[in-house]
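Here's the letter readout for the chains.
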Amino acid sequence: MTIDPRQPRALYQVMQERRSIRRFTDQPVELALIERLLLAAIWAPSAHNRQPWRFVVIQDNGAKESLAEAMNAVLRSDLAADGLPFDEIEARAARRQARLTRAPVLILLCMTMTDMQRYPDDKRRRAEWTMATQSVALAGQNLLLAAHAEGLGACWLCAPLFCPTVVRDTLGLPEDWQPHAFISLGWPNEQPSKQREPLHTRVRFLN
Ligand SMILES: Cc1cc2nc3c(=O)[nH]c(=O)nc-3n(C[C@H](O)[C@H](O)[C@H](O)COP(=O)(O)O)c2cc1C
């Protein structure tokens, strides 16, 4: 099971040039390419090599619409409880709807605790849960980098974290698959730029 990179690019360049892409052309993404990205994802490190990631690849427009509708019902109720004005709630719901339905592909990143270590106490259970989350995030980063190396655009969308049960039920997923994020994917239709804070503000060297 090898990845077969056809467009090898220097890793550091891929890491620095990758940007979150939120606008895509209508051009579809072929399945073989999506599979190559998923292969890159599963070569991420994971705690005890238990590979707690699960993926759902969504290209069907009807499924995207159903998801957006179900997730927006939760968003509307959460924002109404926050006291946001109706117009603002609807603007946010419309933006969410566009993000989810205009991406040619959505990859739902899920996490399962099924194969992770089991502990009797909360402290170690929480640590194990965090390790599973970290493992899934690393798979997600592999996927983002592979997408960029292939010339695709991608963006991590955190919305499923706020309504995991609705996402799982809408897609009919197994009980133990906990939805964590979407990665929206397609051919890029924008070239955003982003900066980073200087390294010295984020690091301490103890020499
Ligand atoms: C955990 C996580 C959650 C994110 N959630 C969202 C999101 O819900 N919507 C969105 O447009 N971007 C989201 N992003 C993308 C970030 O906004 C983006 O990575 C950041 O602004 C830096 O930009 P860059 O990725 O282009 O370097 C998320 C990124 C991460 C790592």
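What counts as what
Residues numbered from 1 in each chain as written. Predicted model: local features only at pLDDT ≥ 70, side-chain atom pairs only at ≥ 80, totals over all residues. Heavy atoms only, no water. Helix = DSSP H or I, 4+ residues; strand = E, 2+ residues; numbered from the N terminus. Rg over C-alpha atoms; globule rule 2.2 N^0.38 Å. Buried < 20%, exposed > 50% of the residue type's maximum accessible area, 1.4 Å probe, protein only. Expected span 1.5 Å × (residues − 1). Near = heavy atom within 4 Å. Polar contact = N/O pair within 3.5 Å; in protein donor to acceptor, adjacent residues only side chain to side chain. Areas by Shrake-Rupley, 256 points an atom, 1.4 Å probe, with all protein chains shown as cover. Core = buried A, V, L, I, M, F, W, Y, C linked by side-chain atoms within 4.5 Å. Contact = heavy atoms within 4.5 Å. 1 Å grid on protein atoms, 1.4 Å probe; cavity = no way out; pocket = protein on both sides within 12 Å on 5 of 7 lines; lining within 4 Å. Points joined across faces, edges and corners; volume = space filled by probe spheres on them. Nonpolar A, V, L, I, M, F, W, Y, C, P; charged D, E, K, R; others polar.

Focus on the overall build of the protein chain
Counting its secondary structure elements, the protein chain contains 6 helices and 4 strands. A compact globule built from 207 residues would reach a C-alpha radius of gyration of about 17 Å, and the protein chain, at 18 Å, matches this within 12%. Here the C-alpha coordinates of the protein chain stretch approximately 55 × 50 × 40 Å along the principal axes. Taking all 207 residues of the protein chain together, 38% fall into the buried category.

Looking at helix α2 (residues 31-42)
The first and last C-alpha atoms of α2 sit 17 Å apart over 12 residues, in line with the 16 Å expected at 1.5 Å per residue. All buried positions along α2 are accounted for by Leu33, Ile34, Arg36, Leu37, Leu38, Leu39, Ala40 and Ala41.

Details of the site of the ligand
Within the structure, the ligand sits among Arg18, Arg19, Ser20, Arg22, Arg99, Cys155, Trp156, Leu157, Cys158, Lys194 and Arg196. Ser20 places a side-chain nitrogen or oxygen 2.6 Å from an oxygen atom of the ligand. With respect to the ligand, the side chain of Lys194 contributes an N or O atom lying 2.8 Å from an oxygen atom. Relative to its free-state accessible area of 620 Å², the ligand is covered by the protein chains to the extent of 62%. In terms of residue count, the dominant contributor to the shell around the ligand is strand β3 (residues 153-157) (3 residues).

A few points about the environment of Cys158
Mapped onto the secondary structure, Cys158 falls in the loop between β3 and α6 (164-171). Assessed through its relative accessible area of 42%, Cys158 is described here as partly exposed. Distance from Cys158 to Ile183, taken between C-alpha atoms, is 8.8 Å for residues 25 residues apart in sequence.

Looking at the nonpolar core
Formed by 28 residues in total, the largest nonpolar core has its most connected members in Leu37, Phe55, Ile107, Leu143, Ile183 and Leu185. Among the elements of the structure, α2, β1 (53-58), β2 (105-111), α5 (122-149) and β4 (178-186) are those that each provide at least two residues to this core. Top element by residues in this core is α5. It accounts for 7 residues. Non-local contacts of Leu185, meaning those with residues more than four positions away in its chain, are made with Phe24, Leu37, Ala103, Pro104, Val105, Ile107, Ala147, Gly153 and Ala154. One finds Leu100, Leu157, Ala159 and Cys163 within the second-largest nonpolar core, a separate group that totals 20 residues.

Quick notes on the layout of surface pockets
For the largest pocket, the calculated volume is near 450 Å³. Taken together, 17 residues make up the lining of the largest pocket; nearest its centre are Leu75, Arg92, Arg96, Cys158 and Ala159. Where the lining of the largest pocket is concerned, the elements lending two or more residues are α3 (61-81), α4 (86-102) and β3. Considering each element in turn, the lining of the largest pocket owes the most residues, 5 residues, to α4. The residue makeup of the lining of the largest pocket, split by class, is 11 nonpolar, no polar and 6 charged.

Such coordinate-based values are descriptive only and should not be taken to indicate function.
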